[in-house]
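Examination of the molecular architecture
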Amino acid sequence: MPIVTIQITREGTEGGADAATREEKAALIKGVSQLLLDVLKKPLESTFVVIDEVDTGNWGWGGLPVLDYRNKRARERAASAG
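These lines cover the structure that appears in this document, whether it is placed above or below. (Residues numbered from 1 in each chain as written. Predicted model: local features only at pLDDT ≥ 70, side-chain atom pairs only at ≥ 80, totals over all residues. Heavy atoms only, no water.)

1. Observations concerning a nonpolar patch on the surface
- A cluster of nonpolar side chains, contributed by M1, I3, F48 and V50, occupies part of the molecular surface with about 430 Å² of accessible area.
- Position of F48 relative to the elements: it lies in strand β2 (residues 48-54). (Patch = residues over 30% accessible without salt bridge, like charges linked within 9 Å, V, L, I, M, F, W, Y side chains within 5 Å. Areas by Shrake-Rupley, 256 points an atom, 1.4 Å probe, with all protein chains shown as cover. Salt bridge = Lys/Arg side-chain N within 4 Å of Asp/Glu carboxyl O. Helix = DSSP H or I, 4+ residues; strand = E, 2+ residues; numbered from the N terminus.)

2. Quick notes on the pairing of strand β1 (residues 3-9)
- Taken together, the seven bridges between β1 and β2 define a ladder with parallel strand orientation. Bridge pairing links I6 to I51 in β2.
- Viewed along the sheet, the connection from β1 through helix α1 (residues 22-40) into β2 turns out right-handed. (Pairing = 2+ DSSP bridges. Right-handed = clockwise from strand over helix to strand, strands pointing away.)

This is the structure we're talking about:
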């Protein structure tokens, strides 16, 4: 019985959205379950997928809160492009 946990930041892919949509989550669940069936022959009905949405304030990267890190990288890219 495989259990897969997917952690994503709580933010949407569309402007103004604050979470992944129901459709996006359904696609993740379907895709991961199908991958386990295809690769490991694990039946769909025995595969559990948990999507854990983490608030961006509780997610860090490169020693910074994720939004600060993204802003830093954007400034670095802009400086190197100009």
